[in-house]
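# Inside the fold
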Amino acid sequence: MSAKVLQTIKNAPFDWKAPAKYAKQLNFTKQPVNFINGEWVTATTGTIPVEDPCTNDIIGHIPNFQKAEADAAIAAAATAFESWKETMPSHRAKILRKWATLMNENAPTLGSILSREGGKVLAEGTGEVLNSAVFVDFYASEGERVYGDIIPGPRPGVQTTVIKQPIGVVGLITPWNFPSSMITRAAAGAIAAGCTVVLKPSELTPFSALALAQISEEAGLPPGVFNVVTGDSAAIGSALTSSFDVRKISFTGSTRVGKLLYEQSAGTMKKLGLELGGNAPFIVFDDAELERAAEDLLLAKWRNAGQTCICTNRCFVQANVFDQFLAILLKKVKTLKVGNAFDPSAKIGAMCNKAAVDRMVSVVADARKKGGRIECGGRAVKVNGKGHFFEPTVITNVNHSTMDCCQKELFGPVLPVVKFDTEEEVVQLANSTRAGLASYFYTQDYRKQHRVSRALKFGMVGCNESAISHPVAPFGGVKESGLGRDGSKYGIEPFLDIKYVCLSTK
Ligand code: NAD
């Protein structure tokens, strides 16, 4: 299939025997490759450089593929679907479990690749890889539990049967900020259901995706079941959305691009899963355990340098504990060291690129101009003279309705802290956004726990808990944060079509 469009190379790009090498020096420049139909194919239409955001070094190149190469990958996935959909769920589970096992065994290498290209500190990079493997393991089992129904018929001798069948080829488009787990969270469900996948990872962090592809090959996934295409986002995106063979788009990324893909998919009436941006509130009531809330906020705000979709965007603190909470928080924030992803003492790594740092500079300037007080941080910094870093920043004296730091998704290490008086007021403020992904609140009053959980217009609520993301839970948003759920038993359903068979037994 690939003779005209794709040029293949012989060897896989990653050397698993040398993990230490990757921790120090990644160099993929010799082989800009993609993985299509079980083959490593090389760039024929130019390449894109990939930067280490901590050092500004170019650590490799990827093919700058266009529509023709995406079409070739879709064709491979469509062909593979015809046989993959007929395999037994137990067979698929076995291969998926092997994939997960190999991810776990190679976690140090995979974590190094991830941290090098994404800039997150190594402990988080390796942690993400282990979490990615849990998604694969979870869906290996979930695929074996796809049940239909037999419904009492409308007439004697007529049986109403419901069966579930894999939907077809899935176009998967993923963001840079979780370059491994955002892939497995969707791909494992799709593959377990019997679908095949064409993945377009972010061009900022493509090597984790290619490494996953190499492991999938080692685990025994047949050619064409999992394909990776990098390059021109718009060209590959429109190849996926316009192809009739692609029956579902699973997208994780910004609301802006999600809306575009939604529009583009109308022509072929695809199913869509959209995991989009957030604007999470973190509410501290006066009866909360303040120390615990502040500790959890460190994770909920500054993990991955504030660049997660469920990161706290706005912190609300009840007026009578405001000063006390702020003092506890600032003491903790000042211990967060900004540093290279491979510096074991660093807690905050790099932002993804210069544009991300510039966005933080502008958000802080906007807050300052409108009367905000910078309690700590507030500046772009370099580590050893290099990289895209920004200090962990806390802003008070915040005007919620006018400041960009409250009105926009920050996606960075800046935190506005807003004072509130009543429960009614804070719920209204928290909900006054078109985003609806994650939300958090802290209170020891059980009645308030129920009331506020129900009142928050968000797809996910953490009550006295900020570590809300895990494979057994349905992850996703309402309003402009997206459609559908990933993870949990709900996450496999979007990869299945329901078919009703009306069977006459007469
Ligand atoms: P992004 O939307 O810029 O990019 C996401 C992916 O879409 C990338 O692979 C990119 O190359 C691709 N893309 C860009 N333009 C495209 C086009 N015209 N057609 C097709 N594909 C295109 O997002 P990002 O900067 O990579 O990630 C950050 C955003 O993702 C934030 O808004 C964050 O909240 C969101 N996010 C959401 C979740 C979730 O589960 N809800 C998880 C992680 C990140």
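Residues numbered from 1 in each chain as written. Predicted model: local features only at pLDDT ≥ 70, side-chain atom pairs only at ≥ 80, totals over all residues. Heavy atoms only, no water.

Of the regular secondary structure elements, the chain holds 15 helices and 23 strands. What you see for the chain is a C-alpha radius of gyration of 23 Å, in line with the 23 Å of a compact globule of 506 residues. When burial is assessed residue by residue, the chain has 58% of its 506 residues classed as buried. With the model as given, the accessible surface of the chain reaches about 20,200 Å², and the carbon-plus-sulfur share is 54%. Here the chain holds 56 positive side-chain charges and 48 negative ones, and the gap between their average locations is 2 Å. (Helix = DSSP H or I, 4+ residues; strand = E, 2+ residues; numbered from the N terminus. Rg over C-alpha atoms; globule rule 2.2 N^0.38 Å. Buried < 20%, exposed > 50% of the residue type's maximum accessible area, 1.4 Å probe, protein only. Areas by Shrake-Rupley, 256 points an atom, 1.4 Å probe, with all protein chains shown as cover. Lys, Arg positive; Asp, Glu negative; His and termini not counted. Charge placed at Lys NZ, Arg CZ, Asp CG, Glu CD.)

Take the pairing of strand β3 (residues 39–42) next. The sheet contact formed by strand β1 (residues 7–9) and β3 spans three bridges and is antiparallel. Its bridge partner lying in β3, I9 is registered against W40. Pairing of strand β2 (residues 33–36) with β3 involves four bridges; the strand directions are antiparallel. In the strand pairing of β3, V33 is matched with T42. The antiparallel pairing of β2 with β3 creates a hairpin that spans two residues between the two strands, and N37 there sits at a positive phi of about 55°. (Pairing = 2+ DSSP bridges.)

In this section: the layout of surface pockets. As a volume, the largest pocket reaches approximately 1,200 Å³. What lines the largest pocket is a set of 49 residues, and nearest its centre among them are G253, S254, T255, R256 and V257. Going through the elements one at a time, α6 (181–193), α8 (233–242), β11 (246–252), α9 (255–264) and α12 (354–369) are the ones with two or more residues in the lining of the largest pocket. The leading source of residues in the lining of the largest pocket is α9, at seven residues. Here the residues of the lining of the largest pocket sort into 21 nonpolar, 17 polar and 11 charged. Both domains that meet at the lining of the largest pocket, namely domain 1 (26–276 + 484–498) and domain 2 (280–480), each give it at least three residues. (1 Å grid on protein atoms, 1.4 Å probe; cavity = no way out; pocket = protein on both sides within 12 Å on 5 of 7 lines; lining within 4 Å. Points joined across faces, edges and corners; volume = space filled by probe spheres on them. Nonpolar A, V, L, I, M, F, W, Y, C, P; charged D, E, K, R; others polar. Domains from an automatic or database assignment.)

Glancing now at the packing of aromatic side chains. For any pair of aromatic rings, the description rests on two quantities: the centre-to-centre distance and the angle between the ring planes. Following the criterion strictly, the structure yields eight aromatic pairs and no others. Ring centres of F138 and Y139 lie 5.1 Å apart, and the angle between their planes is 85°; this geometry places the pair in the edge-to-face category. The same class applies to F138 as to Y139, namely buried. Measuring from centroid to centroid gives 6.5 Å for F285 and F441, while their planes differ by 90°, and the two rings are edge-to-face. You can see F285 sitting in the loop between β13 (280–284) and α10 (290–302) and its partner F441 sitting in strand β20 (residues 438–442), a full 156 residues away along the chain. Classification of F285 as buried rests on a relative accessible area of 1%. Here the aromatic cluster, defined as three or more aromatic residues joined through ring pairs, consists of F282, Y440 and Y442. The ring of F322 carries K419 above its face, with NZ or CZ at 5.0 Å from the centroid. (Phe/Tyr/Trp six-rings, centres within 6.5 Å; stacked < 30°, edge-to-face > 60°. Lys NZ or Arg CZ within 6 Å of the ring centre and 35° of its normal.)

On to the UniProt feature "domain: Aldehyde dehydrogenase" (unreviewed entry) in the chain, then. The UniProt record annotates "domain: Aldehyde dehydrogenase" (unreviewed entry) at residues 40–501. Along residues 40–501 one finds 39% helix and 23% strand; the C-alpha atoms at either end are 42 Å apart. (UniProt positions renumbered as here; feature names shortened; annotations may be inferred.)

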